[in-house]
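Coordinate analysis (summary)
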Amino acid sequence: MKTFFLIFVVLLSSTKLAAQPVSTLISNMPLIGDGMDVAPDGTLYIASGNQGAEIWKVTPDLEVGEFAAGFIYAVGIVIDQDGNVFANNYGSGELSKITPNGVKSAFATGLDGPAGLAIDSNGFIYVTEYGAGGSGTGAQITRFFPNGEREIFVSGTPLANVIGIAIDESDNVYATNFTGGQVFCIPAGTRTIEQFATIPGNAAINEITYGHGYVYIPSVSTNLIYRIDLSGNVEKYAGSGARGSIDDAASRATFNRPNSIAVSAAGDKVYIIDQNTNNLRVISHIGTPPSKLVNLSVRANAATAENTLVLGYVGSPGTSRIPTLLIRAIGPTLANFGL
């Protein structure tokens, strides 16, 4: 009877990134603050917020221009696969659609203080309803079919003054109330609101986003940027906690009431809006999270029938989250079997 070893070499992605630089792209922009999205070509579309009437466009060369106007408080931005920009007209309860060449039309009306926006892989658009007139009593997410038909997706407790919404590549929906720091998940194919994570410090949360395995959340009240992995682990991602506009490594940089966030299509940049200064900030050179090798060794006798060695390895839930696995077997007679 021969003895051999199986050595599992697991490539694990680290959730800790090296300190990344935070820089200010544009200072003192025109009024901005409530919603942002990034087109595949790197163009940023930014809503002017609850006191503004415009959607601003920032090119990769940092040229700023007006993309659309005539809103009664432009809040929330999302871009579909055809390049159409959707934005909420908070004051009128309208969801607007702006074509790539700037033609604006009403996609839907009669919403109760529409705030956050997200779109899933099937082109369904999700709108959080905060409540008209700043009431914070909307407590509802409405879903629109691509043809404009609508349905109530989820409503009621634990949703309250809901604003932030994001969707991952598996179509799980994440949402946040403005106050309380709770992050909820509605798993794909369900209407069940689950507690997913909690941002510390009784965080006030405005717009959120998803990108490359993480939900990114700016906390207006604590001047910090958090991110949450798909297992619900919360990490303080950027900011010292002090209020300011210091550009530095992520852990030392300061933010001034960060309230909107977006991730580039390539996943190498995170854009942030500071509400108090109208500054557009960026965390750059994110790249791929570093990985490490972990050896898991097993020694056993190789036998036959019911004494055959059987080993199993269980990865993270969901096939998209199973780490790379290399299996190596070592033993004196394995060469006889072509191994």
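Our subject is the structure that appears above.
Now for a description of the structure that goes with this document. (Residues numbered from 1 in each chain as written. Predicted model: local features only at pLDDT ≥ 70, side-chain atom pairs only at ≥ 80, totals over all residues. Heavy atoms only, no water.)

Okay, the nonpolar core next. In this structure, Val183, Phe196, Ile199, Val215, Ile217 and Ile228 are the most contacted members of the largest nonpolar core, which totals 17 residues. Looking at this core, the element that brings in the most residues is strand 21 (residues 224–229), giving three residues. (Core = buried A, V, L, I, M, F, W, Y, C linked by side-chain atoms within 4.5 Å. Buried < 20%, exposed > 50% of the residue type's maximum accessible area, 1.4 Å probe, protein only. Helix = DSSP H or I, 4+ residues; strand = E, 2+ residues; numbered from the N terminus.)

Along the chain, the position of Thr43 falls in the loop between strand 3 (36–38) and strand 4 (44–47). Note on Thr43: relative accessible area 4%, which makes it buried. For Thr43, the contacting residues outside a window of four places in its chain are Asp37, Val38, Lys57, Val58, Thr59 and Pro60. (Contact = heavy atoms within 4.5 Å.)

Attention shifts here to the pattern of salt bridges. Oppositely charged side chains may form a pair once their charged atoms are brought near each other. Applying the stated criterion across every chain yields a total of seven salt bridges. Among the ionic pairs, Glu151 bridges to Arg191, the shortest N-O distance being 3.2 Å. Here the residue Glu151 occupies a position in strand 14 (residues 150–155), and Arg191 occupies one in the loop between strand 17 (182–186) and strand 18 (194–198), the gap between them amounting to 40 residues. Of the residues examined, Arg191 reaches a relative accessible area of 43% and is grouped as partly exposed. Where salt bridges share partners, they join Arg143, Glu151 and Arg191 into one cluster. (Salt bridge = Lys/Arg side-chain N within 4 Å of Asp/Glu carboxyl O.)

With that settled, consider the packing of aromatic side chains. Applying the stated criterion across every chain, the model contains eight aromatic pairs. Judged by centre distance (4.9 Å) and plane angle (65 degrees), the ring pair of Phe124 and Phe145 falls under edge-to-face. In this pair, Phe124 sits in the loop between strand 11 (114–119) and strand 12 (125–129) while Phe145 sits in the loop between strand 13 (140–144) and strand 14, placing the two residues 21 residues apart along the sequence. Its relative accessible area of 16% is what places Phe124 among the buried residues. Look at Phe145 and you get partly exposed, because its relative accessible area is 26%. Relative to Tyr237, the ring of Tyr216 lies with its centre 5.5 Å away and its plane at 70 degrees, an arrangement referred to as edge-to-face. Highlighted residues: Tyr216 in strand 20 (residues 214–219) and Tyr237 in strand 22 (residues 234–238), separated in sequence by 21 residues. Look at Tyr216 and you get buried, because its relative accessible area is 4%. Members of the aromatic cluster, connected to one another through ring pairs, are Phe86, Phe107 and Phe144. Sitting over the ring of Phe71, Lys104 keeps its end group 4.8 Å from the ring centre. (Phe/Tyr/Trp six-rings, centres within 6.5 Å; stacked < 30°, edge-to-face > 60°. Lys NZ or Arg CZ within 6 Å of the ring centre and 35° of its normal.)

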